[in-house]
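Breakdown of the fold
As a plain string of letters, each chain reads:
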Amino acid sequence: METWITTIMEDFGYLGVFLLIMLENLFPPIPSEVILTFGGFMTTSTDLTVTGVIIASTIGSVAGAIILYGIGAIVGIKRIERFVDKWGKILRLTSRDIHKANVWFEKYDVWTVFFCRFIPLIRSLISLPAGLAKMNFWIFLVLTTFGTLIWNMVLVNLGAALGNSWETVVHYMDIYSNFAYASLVLIFIVVVIKFYRKKMRS
């Protein structure tokens, strides 16, 4: 996949950066770390500039986030609740559980949307619950743009600074990703345990 990504960027420049980052938001398995750090490296050997790569990648990321937000908004929480009413017994969920989760997101949506932009994989998927919860679009847009801009600036500048050693960033980002995923799994387990304990008591 890395060869495919770098080939597109070499052939299409800023347009390639934009399209790849937009796709990365829609299909999270595409690694933004490779796109951004290699984009930074390309600024040392082509006509691309650090500022240009950051702008192209940020616009692409925001475009992808808006699409996912729109999908979430179209599906809507009511449809999710109807689905759970029909099939929730299999998952041991009720529409009330979904409603509680939605209320929680509405309470902490600002911090959730912003800080999740720094967590690989989750940084893309967080746009869906934002759309489902009908989060204020303009607040969502500002937080997404700001958080994405920070992420992109760090990785593009690291890629530019390291030059031919840009893959070093990808290596350490893999370690960071694994740590982040492990932390999320632990948090998820704790939340599930607390949820079922509370359910059993009630």
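Look a little higher up for the structure.
Quantities reported herein were computed from a predicted structural model and do not represent experimental measurements. (Residues numbered from 1 in each chain as written. Predicted model: local features only at pLDDT ≥ 70, side-chain atom pairs only at ≥ 80, totals over all residues. Heavy atoms only, no water.)

**With respect to the overall build of the chain**
When helices and strands are counted, the chain shows eight helices and zero strands. Secondary structure elements of the chain, listed N to C terminal, follow the sequence α-α-α-α-α-α-α-α. Here the chain holds 202 residues, and the buried ones make up 43% of them. In the chain, once contacts between residues fewer than 6 apart in sequence are set aside, the share between residues at least 24 apart is 76%. As displayed, the chain offers around 11600 Å² of accessible surface, 71% of which is attributable to carbon and sulfur atoms. (Helix = DSSP H or I, 4+ residues; strand = E, 2+ residues; numbered from the N terminus. Buried < 20%, exposed > 50% of the residue type's maximum accessible area, 1.4 Å probe, protein only. Contact = heavy atoms within 4.5 Å. Areas by Shrake-Rupley, 256 points an atom, 1.4 Å probe, with all protein chains shown as cover.)

**Description of helix α7 (residues 137-162)**
The first and last C-alpha atoms of α7 sit 37 Å apart over 26 residues, in line with the 38 Å expected at 1.5 Å per residue. All of the buried residues in α7 are Phe140, Leu141, Leu143, Thr144, Gly147, Thr148, Trp151, Asn152, Leu155, Val156, Gly159 and Ala160. Where α7 starts, the residue carrying a side-chain oxygen 3.0 Å from the main-chain nitrogen of Trp138 turns out to be Asn136. (Expected span 1.5 Å × (residues − 1). Polar contact = N/O pair within 3.5 Å; in protein donor to acceptor, adjacent residues only side chain to side chain.)

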